[in-house]
Amino acid sequence: MMSDNPKLTLELRSYNSESHSHQHDYHQLVLPVVGELELNVGQQEGRVSEQSIALVAAGKEHGFSATENNTFVVADVPSILAPQLEKLPAFIPLDSTLAHYVSFLHSHLSMNERRTSSERQMLLLLIQLFQERYGNSLRLDRRLEAAREYLDQHYQQNLSLSQLATVANLSSRQLNELFCREIGMTAQQYLIEKRMQLAWQLLESTNLSVQQIAERVAYSNLSSFSSRFRKHFGKPPSYFRK
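Residues numbered from 1 in each chain as written. Predicted model: local features only at pLDDT ≥ 70, side-chain atom pairs only at ≥ 80, totals over all residues. Heavy atoms only, no water.

1. Some words on the packing of aromatic side chains
Piece 1. Evaluation of the coordinates by the stated rule reveals 7 aromatic pairs.
Piece 2. Each residue in the set Tyr15, Phe64 and Phe72 is aromatic and connected to the rest through ring pairs, giving one cluster. (Phe/Tyr/Trp six-rings, centres within 6.5 Å; stacked < 30°, edge-to-face > 60°.)

This is the structure we're talking about:
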């Protein structure tokens, strides 16, 4: 199925037992929630399951067969937004970090109230998780890589754009331009996304107080943290704690 104006979408889908072979002009990521999906992508055969994710690159002929009860997180990604995905294999092992992130996406998509602006950043961060696992195939600009690595190691601390720019040996404007071009978001958006993801994880998996969690992600003011969290996910921290 070809579209004239593909948009980035992230949603929950279920599949019938069989489908005719088809293709589309955007990349598609299929992430497991319930059940399994047998896929033929080009000349490769595999499945989406608790152990594996599928990536259907733009223009690739593919068909599928699903189990009766199935649910998947499916992302349609315009090829212009993430051209590097064409270099990845059709089937990607699902490690614990990716599995946790899929769980998070499922939780978000199950909400009654969703924020599509946040979904764009969530999906771009998912692409970055793939980037980390296939760095040799998807090498970023070395200056951007240095800044992103520093940010990934220090995002729980107070960070400024000027600090990151110094690490990359760039101006703040040049660094943000690189982030937008190669990652799809500004450095500040990437930083906020990392912090909010960790906060969500700590809310669900620990007994730390909301104040303690706020401090873990560099927010000394609880009100500021709660406001940012609600703006980001559409729900207060207490929603995830329940």
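2. Quick notes on the sheet that holds strand β8 (residues 91-93)
Piece 1. Read from one edge to the other, the open sheet built from 5 strands follows the order β1-β7-β2-β5-β8, with strand pairing classed as antiparallel. Of all strands in the sheet, those with a lone pairing partner are β1 (9-13) and β8, marking the two edges. In this sheet, adjacent strand axes meet at a mean angle of 20° when their direction is disregarded. (Pairing = 2+ DSSP bridges. Helix = DSSP H or I, 4+ residues; strand = E, 2+ residues; numbered from the N terminus. Axes fitted to C-alpha atoms, helices over the stretch in contact; angles between N-to-C directions.)

3. Section: helix α8 (residues 222-233)
Piece 1. Counted at 1.5 Å a residue, the expected span for α8 with its 12 residues is 16 Å, and the 16 Å between its end C-alpha atoms agrees.
Piece 2. Buried within α8 are the following residues: Phe225, Phe229, His232 and Phe233. The buried residues of α8 occupy an angular sector of 75° when the element is viewed end-on, so they sit on one face. Exposed side chains of α8 directed beyond 90 degrees from the buried face belong to Ser223 and Lys231.
Piece 3. Its side-chain oxygen 2.9 Å from the backbone nitrogen of serine 223, asparagine 221 forms the N-cap of α8.
Piece 4. Two residues or fewer after α8 comes glycine 234, characterised by a positive phi angle close to 80°. (Expected span 1.5 Å × (residues − 1). Buried < 20%, exposed > 50% of the residue type's maximum accessible area, 1.4 Å probe, protein only. Arc of directions from axis to C-beta. Polar contact = N/O pair within 3.5 Å; in protein donor to acceptor, adjacent residues only side chain to side chain.)

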